[in-house]
Amino acid sequence: PALFYAPESEEERPLLMVLHSWSTNYQQNIDIPLAQFAVANDWAFIHPDFQGDNDGSPETTASDLVIADMEDALAYAREHASVDESRIYLLGYSGGAMNALHLASRHPDTFAGVAAWVPVYDLVSWHAWHLESGGEEYAEQIAGACGGVPEEGSEAHDECLQRSPKAHVPEVEGEVRVMIAHGINDDVVPVEHGLWAFNDLVEASA
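The following refers to the structure shown. (Residues numbered from 1 in each chain as written. Predicted model: local features only at pLDDT ≥ 70, side-chain atom pairs only at ≥ 80, totals over all residues. Heavy atoms only, no water.)

Let us now look at the pattern of salt bridges. Counted according to the given criterion, the structure contains three salt bridges. When the shortest N-O distance is used, the salt bridge between Lys166 and Asp122 registers 3.2 Å. Highlighted residues: Lys166 in the loop between α6 (155-162) and β6 (178-181) and Asp122 in the loop between β5 (113-117) and α4 (123-133), separated in sequence by 44 residues. For Arg163, the salt bridge is made with Glu159, and the minimal N-O distance between the two is 2.8 Å. On the basis of relative accessible area, Glu159 is assigned to the partly exposed category, the value being 32%. (Salt bridge = Lys/Arg side-chain N within 4 Å of Asp/Glu carboxyl O. Helix = DSSP H or I, 4+ residues; strand = E, 2+ residues; numbered from the N terminus. Buried < 20%, exposed > 50% of the residue type's maximum accessible area, 1.4 Å probe, protein only.)

Below you can see the structure in the form of structure tokens.
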């Protein structure tokens, strides 16, 4: 499932792809203004589901199925709208920002710009942080998706690392235009995640 808008004009137009956040799906209502922006400016727009909310199911939480869903949605939009390939933009926040970094790291030449608001960058550390701060629901969802508590040396630990942008973003340092936004007092995703993403995205020589 996805929300999709294609301008009627055959003229090539920008494409805005928006990814829903951690605990919801493609019908997330706070993304409506982004869709309205696209329609008002005659941009193509797609808002895909990618396995729904991260409820602890193995199929969710940056699984291979999630990555494939996002890639399929991007391909669908490019096929069914007249898209200016030099102006494809990607936006996500929370779990959506996590997945935006995943998608950008796999297709660094596709996106003219990426906006990652409050990205979850390292699922292992985020799991530990929520256990310590009382966010058991998030910790349980991470453990459920990764096949268990991600303790050092466990298969669940390795799985959580692979599902984290941290494992993939360094491969494209300096290759992707990304805006990272993160509040210093965020009490759901610590600001360190945004800083880690920034440090891995910037070329070492910059």
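Right, let's get into the nonpolar core. One finds Leu15, Met17, Leu19, Met70, Leu90, Phe111 and Val114 to be the most contacted residues of the largest nonpolar core, which totals 23 residues. Every element with two or more residues in this core is listed here: β2 (13-19), β3 (44-48), α2 (64-80), β4 (83-93) and α3 (95-106). Here this core takes six residues from α2, the largest share from any one element. When neighbours within four sequence positions are excluded, Phe111 is seen to be in contact with Leu74, Ile88, Tyr89, Leu90, Leu103 and Ala104. Formed by twelve residues, the second largest nonpolar core is a distinct cluster that contains Trp22, Val118, Ile142 and Cys146. (Core = buried A, V, L, I, M, F, W, Y, C linked by side-chain atoms within 4.5 Å. Contact = heavy atoms within 4.5 Å.)

Two elements in contact, α4 and helix α5 (residues 136-146), have axes separated by 8 Å at closest approach and are oriented at 145°. α4 and α5 meet at a crossing whose hand is left-handed. Of the residues in α5, those touching α4 at Leu123, Trp126, His127, His130 and Leu131 are Glu136, Tyr138, Ala139, Ile142 and Ala143. Considering only residue class, the contact of α4 with α5 consists of seven nonpolar, two polar and one charged. (Axes fitted to C-alpha atoms, helices over the stretch in contact; angles between N-to-C directions. Left-handed = near helix turned anticlockwise from the far one by under 90°. Nonpolar A, V, L, I, M, F, W, Y, C, P; charged D, E, K, R; others polar.)

Moving on: empty space enclosed by the protein. One pass over the full model with this rule turns up one cavity of 30 Å³ or more. Estimates place the volume of the largest cavity at around 40 Å³. Residue lining of the largest cavity: Leu101, Ala104, Ser105, Val169, Val172, Val176, Val178 and Leu201, and that is the complete set. Ranked by residues supplied to the lining of the largest cavity, first place goes to α3 with three residues. Classifying every residue of the lining of the largest cavity by side-chain character gives seven nonpolar, one polar and no charged. (1 Å grid on protein atoms, 1.4 Å probe; cavity = no way out; pocket = protein on both sides within 12 Å on 5 of 7 lines; lining within 4 Å. Points joined across faces, edges and corners; volume = space filled by probe spheres on them.)

What follows is about the pairing of β3. Remark: a regular strand shows side chains that alternate across the two faces of the sheet. In terms of burial, β3 is largely enclosed, as five of its five residues are buried. Every second residue of β3 is oriented toward a common face, with Ala44, Ile46 and Pro48 on one face and Phe45 and His47 on the other, all of them buried. Where strand β1 (residues 2-5) lies against β3, four bridges are found, and the strand directions are antiparallel. From the neighbouring strand, Tyr5 faces β3, where its bridge partner is Phe45. As judged from the three bridges shared by β2 and β3, these two strands associate in the parallel manner. Bridge assignment links Met17 to a residue of β3, and that residue is Ile46. (Pairing = 2+ DSSP bridges.)

With that out of the way, let us pick up the environment of Glu85. Tracing the sequence through the fold places Glu85 in strand β4. With 70 residues separating them in the primary sequence, Glu85 and Leu15 have C-alpha atoms 8.2 Å apart. Look past the residues within four positions of Glu85 in its chain and what remains in contact with it is Arg78 and Thr110.

Turning next to unusual backbone geometry. Trans is the common state for peptide bonds, and a negative phi is the common state for residues other than glycine. Backbone geometry places Gln51, a non-glycine residue, at a positive phi of 70°. Judged by its relative accessible area of 30%, Gln51 falls in the partly exposed class.

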